[in-house]
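# Residue-level structure breakdown
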Amino acid sequence: MRKVITYGTYDLFHEGHYKLLERAKALGDYLIVGVTTEHFDEARGKVNVVDPLLERIENVRKTGFADEIIVEDHEGQKIEDIQKYGVDVFVLGSDWRGHFDYLKKYCQVVYLDRTANVSSTMIRKEKFPIVRVGIVGTGRIAPRFVSEAKYVSGIEIECAYNPERESAEKFQKDENIPVYTEDLAGFLKQIDAIYIGSPNETHYRYAKTALEYGKHVLSEKPLAFTHNETMELYHMAKDKGLVLMEGIKTAYCPGFQQLMNVAKSGKIGEIKDVESCFTRLATIGSRERTDARYGGAFLEFAGYTLLPIFKIFGTNYQDVQIDSILGEDGIDLYTKIQLRYDDGMATAKMGVGVKSEGELVIAGTDGYILAPSPWWLTHKFDVRREDPSDIEHFEPAFQGDGLRYEISEFISKINGTGKKDYKLTEEESIAMSKIVELFMRKRNGE
Ligand code: CTP
């Protein structure tokens, strides 16, 4: 019996897939089809797959060509499968020509001509109109957004806005994207959605204006300084059927979600304590260290450090204490937030003028999880127990600087292909705003 194997994502199943499977089957007596998992696709940079795995498998099954369907979930699996299943022929479309020649050691490798003028990418583009995004703020984050958006399909960066002419002109020159300086209305009319990466104190105002204009909003944290303002934005978005997302990028990283799920799976027993720390020394004279009203460590990092705490213990804490080491002008160089829950406690530490180890430690009754710096990008973490040699190590996939996962989530929500809001819920975002308000009241001496 001549066994043939082929692999693919088979998203939005199309004629090209059908014809490839038909020809693959004709090359032998028994066809095995490997269908990729979402995580595997994410790890290799395909972040916009629409159909869930089971639907993609079902579509392959319905062709009647596959004698066996397997799931492909990791790098290096092809060599394993070929040996395990005793495969004679490995087949893939001609877009991969040469790429899998290393498999010739194990079996025959055949590249079949692709069917012209059809691909999942093309169908995605036709099915979901391109989302035209405008960027508010052309400072440090905006160029990163532009470069990370290139990895997400279905998005076009249309223009940017910054009332500060100098920064706008520099951005326009560097990124070659039209920039508006005075005309906010004109800017908003060009686009379907905005990304707000402007200074902290402007997020709420821009978000509100954009929602009024009927635009979807992805805003850097904090969305607003008060609980009421945050609620107002979410209500507006709901009333108008718009997407509103707070951009805490850690929440959207696949590795962070895995870390949370492992923590909650019972592996370390019952969780009793979460400690998260994020510090980055800001240069003297930087905005973070000079802006007495809107600079400082809290506004910079509280979104990240509170995230794992809310994810693990929820938003229903009994008590919260915020304490800071202040520098000149009352800017918090270092801030510690302590939360008490019914059956657990948590500490979030952050600094722009004090340096510490940026770790996330989740302590349970049977062991703990240690995610080293930069845990907010979650490249790796350990599950550790009493016996120091008992360490389970995890290295989840992570691409770029992580922003692409957040952008991809935003676009899929706009397209209606996103899943429920479990990565960062409205409730979590609103709960964070309560703590932001508490901090701001304290800062303002209220
Ligand atoms: N394929 C093909 N003809 C096409 C499209 C895909 O023969 N027009 C083949 C690919 O070469 C591969 C298999 O179908 O062997 C599965 O491809 P997959 O990557 O799932 O599909 P694409 O349409 O190429 O997906 P995308 O646009 O997301 O890259």
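Scroll up to find the structure.
Everything in this summary refers to the structure shown in the same document. (Residues numbered from 1 in each chain as written. Predicted model: local features only at pLDDT ≥ 70, side-chain atom pairs only at ≥ 80, totals over all residues. Heavy atoms only, no water.)

### Regarding the sheet that holds strand S17 (residues 368-371)
Read across the open sheet, the 8 strands follow the order S13-S14-S15-S12-S16-S17-S18-S19; overall the sheet is mixed. Each having just a single partner strand, strand S13 (319-326) and strand S19 (391-394) make up the two edges of the open sheet. Sheet twist, expressed as the average angle between the axes of neighbouring strands with direction ignored, equals 10 degrees. Two strands pair when backbone bridges link them, and S17 and strand S18 (residues 381-384) are joined in this way by 3 bridges, in the antiparallel orientation. Residue Ile369 lies in a different strand from S18, and its bridge partner there is Val383. Helix H13 (residues 297-313) contacts strand S12 (271-279), S13, strand S14 (332-341), strand S15 (344-351) and strand S16 (360-364) of the sheet and is inclined by roughly 160 degrees relative to S15. Across the sheet, helix H15 (residues 426-443) is in contact with S13 and S14; its angle to S13 comes to roughly 45 degrees. (Pairing = 2+ DSSP bridges. Helix = DSSP H or I, 4+ residues; strand = E, 2+ residues; numbered from the N terminus. Axes fitted to C-alpha atoms, helices over the stretch in contact; angles between N-to-C directions. Contact = heavy atoms within 4.5 Å.)

### Focus: the packing of helix H9 (residues 203-212) against helix H10 (residues 227-240)
At a minimum axis distance of 10 Å, the contact between H9 and H10 shows a crossing angle of 15 degrees. One way to sum up the angle between H9 and H10 is to call them roughly parallel. Once H9 is placed against H10, the crossing between them reads as left-handed. Taken together, the residues of H10 that come into contact with H9 (itself represented by Tyr204, Ala207, Lys208, Leu211 and Glu212) are Glu229, Glu232, Leu233, Met236, Ala237 and Lys240. Looking at the contact of H9 with H10, its residues break down into 6 nonpolar, no polar and 5 charged. (Parallel < 35°, antiparallel > 145°, perpendicular 65-115°, else oblique. Left-handed = near helix turned anticlockwise from the far one by under 90°. Nonpolar A, V, L, I, M, F, W, Y, C, P; charged D, E, K, R; others polar.)

### Focus on the site of the ligand
Taken together, the neighbourhood of the ligand is formed by 18 residues, with Asp95, Thr115, Val118, Ser120 and Thr121 sitting nearest. The separation between an oxygen atom of the ligand and a polar main-chain atom of Ser120 is 2.7 Å. Here Thr121 contributes a side-chain N or O atom positioned 2.4 Å from an oxygen atom of the ligand. In the complex, the protein chains occlude 93% of the 570 Å² of accessible area that the ligand would expose alone. Looking at the shell around the ligand, the elements that each hand over two or more residues are helix H1 (15-26), strand S4 (89-93) and helix H5 (120-127). Its residues placed into classes, the shell around the ligand shows 4 nonpolar, 10 polar and 4 charged. (Near = heavy atom within 4 Å. Polar contact = N/O pair within 3.5 Å; in protein donor to acceptor, adjacent residues only side chain to side chain. Areas by Shrake-Rupley, 256 points an atom, 1.4 Å probe, with all protein chains shown as cover.)

### Things to note about the nonpolar core
With 82 residues, the main nonpolar core has Phe145, Phe298, Ile337, Leu339, Ile362 and Ile435 as its most contacted residues. Of the residues forming this core, the biggest block, 12 residues, is contributed by H13. Excluding its chain neighbours within four sequence positions, the residues that come into contact with Leu339 are Leu306, Ile309, Tyr317, Asp319, Val320, Gly344, Met345, Ala346 and Ile435. Within the second largest apolar cluster, 24 residues are counted, among which are Leu184, Phe187, Ile196 and Val217. (Core = buried A, V, L, I, M, F, W, Y, C linked by side-chain atoms within 4.5 Å. Buried < 20%, exposed > 50% of the residue type's maximum accessible area, 1.4 Å probe, protein only.)

### What about the pairing of strand S1 (residues 3-8)?
Two faces make up the sheet, and in a regular strand the side chains alternate between them. The buried count for S1 comes to 6 of 6 residues, which makes it a mostly enclosed element. Where burial is concerned, the two faces of S1 agree: the one with Lys3, Ile5 and Tyr7 and the one with Val4, Thr6 and Gly8 are both buried. Pairing of S1 with strand S2 (residues 30-36) involves 6 bridges; the strand directions are parallel. Within S2, the residue paired with Ile5 across the bridge is Ile32. With respect to chirality, the unit in which S1 leads through H1 into the neighbouring parallel S2 is right-handed. (Right-handed = clockwise from strand over helix to strand, strands pointing away.)

### Quick word on the packing of aromatic side chains
Tallying each qualifying case throughout the model produces 21 aromatic pairs. Seen in terms of ring centroids, Phe310 and Tyr317 are 6.3 Å apart; in terms of plane orientation they differ by 5 degrees. Their pairing is stacked. Through pairs of rings, three or more aromatic residues link up here, namely Tyr7, Phe90, Trp96, Phe100 and Tyr102. The ring of Tyr7 has Lys78 sitting right over it, with the charged end atom 4.8 Å from the ring centre. Above the plane of the ring of Tyr206 lies Arg205, whose end atom (NZ or CZ) is 4.9 Å from the centre. (Phe/Tyr/Trp six-rings, centres within 6.5 Å; stacked < 30°, edge-to-face > 60°. Lys NZ or Arg CZ within 6 Å of the ring centre and 35° of its normal.)

### Overview of the environment of Glu22
Examined against the element boundaries, Glu22 turns out to sit in helix H1. As for Glu22 and Gly64, which are separated by 42 residues in sequence, their C-alpha atoms are 9.0 Å apart.

### Focus: the pairing of strand S11 (residues 244-247)
Burial along S11 is two-sided: the residues Leu244 and Glu246 and Met245 and Gly247 are all buried. Bridge count between strand S10 (residues 216-220) and S11: 4 bridges; the pairing is parallel. Note on S11: the bridge partner recorded for Leu218 is Met245. Handedness of the crossover joining S10 and S11 through H10: right-handed.

### Observations concerning the pattern of salt bridges
If you walk through the whole model with that rule in mind, you get 32 salt bridges. Among the salt bridges present, the one from Asp113 reaches Arg97, with a minimum N-O distance of 3.5 Å. Taken as a pair, Asp113 in the loop between strand S5 (108-112) and H5 and Arg97 in the loop between S4 and S5 lie far apart in primary sequence, 16 residues in all. In this structure Arg97 comes out as exposed when scored by relative accessible area, which is 51%. Measuring nitrogen to oxygen at the nearest pair gives 3.4 Å for the salt bridge that ties Arg144 to Asp401. Separated by 257 residues along the polypeptide, Arg144 in helix H6 (residues 141-149) and Asp401 in the loop between S19 and helix H14 (403-415) bring together distant segments of the chain. Judged by its relative accessible area of 37%, Arg144 is partly exposed. Linked by salt bridges that have partners in common, Lys267, Arg385, Asp390 and Glu392 make up one network. (Salt bridge = Lys/Arg side-chain N within 4 Å of Asp/Glu carboxyl O.)

### Focus: the sheet that holds S5
With parallel pairing, the 5 strands of this open sheet are ordered in space as S3-S2-S1-S4-S5. The open sheet has two edge strands with one neighbour each: strand S3 (68-72) and S5. Between one strand and the next, the sheet's axes are offset by a mean angle of 25 degrees, whatever the strand orientation. Pairing analysis gives 3 bridges linking S1 to S4, with the strands arranged parallel. Across the sheet, the residue bridging to Ile5 is Phe90, located in S4. In this fold H1 packs onto S1, S2, S4 and S5, with an angle of close to 145 degrees to the strand it touches most, S2.

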